[in-house]
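# Commentary on secondary and tertiary structure
Residue-level listing of the chains:
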Amino acid sequence: MSTISKELDKLKNKYSARIKSKIVSILNRNEIDSESLYRLAARICHRHLGDEVHLRGIIEFSNYCGQNCFYCGIRADNHTVKRYKIPLEQVYKLSLQAREYGYRTVVLQSGEPAPYSPDSICRLITRIKQTTDLAITLSCGVYPAAVYRQFADAGCDRYLLRFESSDQKLFNSLHPDITLEERLQALLDIRAAGLQTGSGFLIGLPGSSPSTLADDILLTSALSLDMIGCGPFLRAPQTPLSGRPSLLLNKSTYYNTLAILRILNPLAHIPATTAFDAIDPHGRDLVLQRGGNVFMPNLTPKSYRKDYQLYPGKPCVDEKASQCAGCVRRRLARLNRPIAENPGGSFRLRHIL
Ligand code: SAM
Ligand code: FES
């Protein structure tokens, strides 16, 4: 057994079987029976992180992808996708725009690997850091450990890489190009490079079950992450999963998953991920009322948005960045949640950084 497999088993077994069966029973609760769970998650969020919501402007800077994740709308073999690569000069200008909208973080996300050399991404990072006070999060997949160190040395603050599913068999059946071990090793490399680390999983993948979902929650929690990003799986056309039913879930299970994550991870940043708006018109608002503390308005220029359709029903595809910037402020005002004025670094590390 490899070291990382042993590590995975150790992490999963960190919590007792009793906790796991309790999580499974909470996951199955309907919305009405979950009210007290949501209140507890909101209270814990309020007590540890305050009421502020951190805005992280996301730039989907390329949809080129060399991977073939079975669920993903921009997978390499989906030849119906029109591929794009936003010039890095334009990405820089979009970052300046992010700051004008009052965002304190930009998230640069793409397929995997991003179709720019690590050196040119590093030059972009350094330029943004030298000319603004923005925090930078990268999310462009698995790289050798040395590249994560290069990103960190250039000034990158954070890295997001979901492990997608903690079930090795399920993971390997959905990812022809990478194993779960390699993905988890990359997470360890990201942390070792000194980057604040974010990860999470897809909720409701075909082939998963409430038991695997509980394992996903436990693995996430055992990883002591700075940021936890999870969202509903949505069936994307032109993918091998387009005809497969997702794990049949009550809508409440999606929110219960995030509420449990908040309770087990009081110091983690938890975004109301975009896919929640695809299952509920106010999905992201509900996440913010049930333990979430981060919102990621879209900064991708409108002309590219329709080509970054990871799943159907993705919100904001027809909006401009300025409209998203106005919309998020109205949503937060309705929820009576102030916008954070700081970049929202790791709460977990705040006492030692
Ligand atoms: N390539 C980078 C990576 O894998 O880390 C970042 C981009 S990737 C498209 C971002 C996330 O989109 C994935 O981690 C995955 O969880 C999510 N995603 C992909 N297809 C999805 C689908 N059909 N439904 C919901 N989320 C999906
Ligand atoms: Fe490449 Fe989804 S398969 S980003």
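This text follows the structure it describes.
Now for a quick tour of the structure. (Residues numbered from 1 in each chain as written. Chains lettered and ligands numbered in written order. Predicted model: local features only at pLDDT ≥ 70, side-chain atom pairs only at ≥ 80, totals over all residues. Heavy atoms only, no water.)

## Describing helix H14 (residues 321-334)
Given 3.6 residues per helical turn, the α-helix brings residues three or four places apart onto the same face. Quick note on the threshold: The numbering of helices and of strands both runs from the N terminus, where a helix is a DSSP run of H or I of at least 4 residues and a strand a run of E of at least 2. A helix is expected to span 1.5 Å multiplied by its residue count minus one. Three exposure classes are used, based on accessible area relative to the maximum for each residue type with a 1.4 Å probe and protein chains only: buried under 20%, partly exposed in between, and exposed over 50%. Note that the arc is defined by the directions from the helix axis to the C-beta atoms.
The end-to-end C-alpha separation of H14 is 20 Å, in line with the 20 Å expected for 14 residues at 1.5 Å each. Within the sequence span of H14, burial applies to Ala321, Cys324, Ala325, Val328, Arg331 and Leu332. The arc that holds every buried residue of H14, seen down its axis, measures 130°, which confines them to one face. In H14, the exposed positions that point more than 90 degrees away from the buried face belong to Arg330, Ala333 and Arg334. Asn336 occupies a position one or two residues after H14 and carries a positive phi of about 60°.

## Re the site of ligand 1
Short version of the rule: The nearness test applies per residue and asks whether one of its heavy atoms lies within 4 Å of the molecule or strand. What qualifies as a polar contact is a pair of N or O atoms within 3.5 Å, subject to a donor-acceptor requirement within protein and to the restriction that residues adjacent in sequence count only when both atoms come from side chains. In this description, accessible areas are obtained by the Shrake-Rupley approach with a 1.4 Å probe, and a residue is regarded as covered only by the protein chains that are shown.
Within the structure, ligand 1 sits among 19 residues, and Tyr71, Ser110, Arg162, Glu164 and Leu234 are positioned closest to it. Backbone polar atom of Leu310 to a nitrogen atom of ligand 1: 3.5 Å apart, as the coordinates give it. Taken by itself ligand 1 offers 560 Å² of open surface, and the protein chains cover 94% of this.

## Focus: the nonpolar core
Generally speaking, a soluble globular protein has its nonpolar side chains buried in company with each other. The cut-off we apply is this: Buried residues of nine kinds, namely Ala, Val, Leu, Ile, Met, Phe, Trp, Tyr and Cys, make up a nonpolar core once their side-chain atoms join them within 4.5 Å. Whether two residues are in contact is decided by their heavy atoms, any of which lying within 4.5 Å being enough.
Of all hydrophobic cores here, the largest spans 98 residues; its most connected members are Phe151 and Tyr159. Those residues in contact with Phe151, other than ones at most four positions away along the chain, are Pro118, Ile121, Cys122, Ile125, Leu138, Tyr143, Cys156 and Tyr159.

## Focus on unusual backbone geometry
Residue Glu112 is joined to Pro113 through a cis peptide bond whose omega torsion reads -10°. Along the chain, Pro113 turns up in the loop between strand E2 (105-110) and helix H5 (118-131). One non-glycine residue, Ser224, lies in the positive phi region at around 45°. In this model, Asn336 sits at a positive phi of 60°, which is unusual for a non-glycine residue. The exposure class of Asn336 is exposed, given its relative accessible area of 66%.

## Description of the packing of aromatic side chains
Quick reminder of the rule: Stacked, edge-to-face and tilted are the three classes for Phe, Tyr and Trp ring pairs, Trp counted by its six-membered ring, which pair at centre distances within 6.5 Å; planes under 30 degrees apart are stacked, over 60 edge-to-face, the rest tilted. A positively charged side chain is recorded as over a ring if its NZ (Lys) or CZ (Arg) lies within 6 Å of the ring centre. The angle to the ring normal must also be within 35 degrees.
Applying the stated criterion across every chain yields a total of 9 aromatic pairs. Judged by centre distance (4.7 Å) and plane angle (35°), the ring pair of Tyr84 and Tyr304 falls under tilted. Of this pair, Tyr84 sits in the loop between strand E1 (54-62) and helix H4 (88-100) while Tyr304 sits in helix H13 (residues 302-305), and the two are 220 residues apart along the sequence. For Tyr84, a relative accessible area of 6% gives the class buried. Ring geometry for Tyr101 and Tyr103: centres 5.8 Å apart, planes at 45°, overall tilted. Classification of Tyr103 by relative accessible area gives buried; the value is 0%. Members of the aromatic cluster, connected to one another through ring pairs, are Tyr143, Tyr148, Phe151 and Tyr159. Positioned over the ring face of Tyr255 is Arg290, at 4.9 Å from the centre of the ring.

Purely geometric stuff here, so don't read any function into it on its own.
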